[in-house]
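Here is how the chains run, residue by residue.
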Amino acid sequence: DDYCRAYARCGKRSSLIKLFSDNLRHKAPTQGDLLHLYGVVSRETGEVIAGLAGLDIPEINASIHVTGFILPKARDTGAGTGLVNHWFLETQKRGLRFCDFDGFYAKGDPTSWQGFSRFKSQFGTRYIAYPSPLWRFVTKEKSKK
């Protein structure tokens, strides 16, 4: 709840905040100790000013970045870098080999992705272009009477 309350103040669109907060609230009870929430707390106020959520997937030896945020007052600090470094170190301690940042900006994506993609790229990341996923939507057929 602390993470989601702080995330709600990050300045992103309210629909995006709701989507990711609902996703975290769903994952917390279903994923148990595979979901990790990290936060940076202000020494002055004691409030959470930045956060990162990672989900371990032991079957593929990885932890994936689920969501993250940094409040405006923390943007000129090293909070983001510290969070990512902490995530990397904790992931290694749990014996996982890969940290997956998820999406990177590519031509045609929203330009708002460019800044976070530049931030992610400074950590020695390797971009892997996966093919588009196959989406299959199944609907129930109406029973014929």
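Here's what I pulled together on the structure shown here. These numbers were taken from a predicted model, which means no experiment stands behind them.

Description of the pattern of salt bridges
Two side chains carrying opposite charge are able to pair once their charged atoms lie near each other. Tallied over the entire structure, the rule returns seven salt bridges. In this structure, glutamate 47 and lysine 73 form a salt bridge, with 2.6 Å as the shortest nitrogen-oxygen distance. A residue pair is termed long-range when its members are at least 10 positions apart, and glutamate 47 in the loop between β1 (35-41) and β2 (48-57) and lysine 73 in the loop between β3 (62-70) and α3 (79-93) qualify at 26 residues. Judged by relative accessible area, lysine 73 falls into the exposed class, the value being 56%. Within this structure, Arg9, Glu47 and Lys73 form a network of salt bridges that share partners.

Section: the sheet that holds β2
Pairing between sheet strands relies on hydrogen bonds along the backbone, with the strands arranged either parallel or antiparallel. Taken together, four strands build an open sheet; the order of strands is β1-β2-β3-β4 and the sheet is mixed. Each edge of the sheet is formed by a strand with only one pairing partner; in this case those strands are β1 and β4 (98-100). On average, adjacent strands in this sheet sit at an angle of 25 degrees to one another, irrespective of strand direction. In terms of strand pairing, β2 meets β3 through eight bridges, oriented antiparallel. Each bridged residue has a counterpart across the sheet, and for leucine 52 the counterpart in β3 is glycine 68.

Re the packing of aromatic side chains
The relation between two aromatic rings is expressed through the spacing of the ring centres and the mutual angle of the planes. Enumeration over the complete set of coordinates arrives at four aromatic pairs. With a centroid separation of 5.1 Å and an interplanar angle of 80 degrees, the aromatic rings of tyrosine 3 and phenylalanine 69 are classed as edge-to-face. Separated by 66 residues along the polypeptide, tyrosine 3 in helix α1 (residues 2-7) and phenylalanine 69 in strand β3 bring together distant segments of the chain. What makes tyrosine 3 buried here is its relative accessible area of 6%. For the ring pair tyrosine 7 and phenylalanine 69, a centre distance of 5.5 Å and an interplane angle of 50 degrees mean the geometry is tilted. Taken together, the residues span a long stretch of sequence, with tyrosine 7 in helix α1 and phenylalanine 69 in strand β3 at a distance of 62 residues. Considered together, tyrosine 7 and phenylalanine 69 belong to a single accessibility category, that of buried residues.

Describing the nonpolar core
Counting 23 residues, the largest nonpolar core has Cys10, Leu24, Leu52 and Phe69 as its most contacted members. No other element matches β2, which puts five residues into this core. With residues near it in sequence (within four places) discarded, cysteine 10 still touches Ile17, Phe69, Ile70, Leu71, Pro72 and Arg75.

As for α3
Compared with the 21 Å implied by 1.5 Å per residue over 15 residues, the 21 Å span of α3 between its first and last C-alpha is a close match. Taken together, the buried positions of α3 are occupied by Ala79, Gly80, Leu83, Val84, Trp87 and Thr91. Axial view of α3: buried residues confined to an arc of 135 degrees, hence all on one face. Exposed residues on α3 whose side chains face more than 90 degrees from its buried face are Gln92 and Lys93. Among the residues trailing α3, glycine 95 stands out with phi positive, at a value near 85 degrees.

What counts as what
- Residues numbered from 1 in each chain as written.
- Predicted model: local features only at pLDDT ≥ 70, side-chain atom pairs only at ≥ 80, totals over all residues.
- Heavy atoms only, no water.
- Salt bridge = Lys/Arg side-chain N within 4 Å of Asp/Glu carboxyl O.
- Helix = DSSP H or I, 4+ residues; strand = E, 2+ residues; numbered from the N terminus.
- Buried < 20%, exposed > 50% of the residue type's maximum accessible area, 1.4 Å probe, protein only.
- Pairing = 2+ DSSP bridges.
- Axes fitted to C-alpha atoms, helices over the stretch in contact; angles between N-to-C directions.
- Phe/Tyr/Trp six-rings, centres within 6.5 Å; stacked < 30°, edge-to-face > 60°.
- Core = buried A, V, L, I, M, F, W, Y, C linked by side-chain atoms within 4.5 Å.
- Contact = heavy atoms within 4.5 Å.
- Expected span 1.5 Å × (residues − 1).
- Arc of directions from axis to C-beta.

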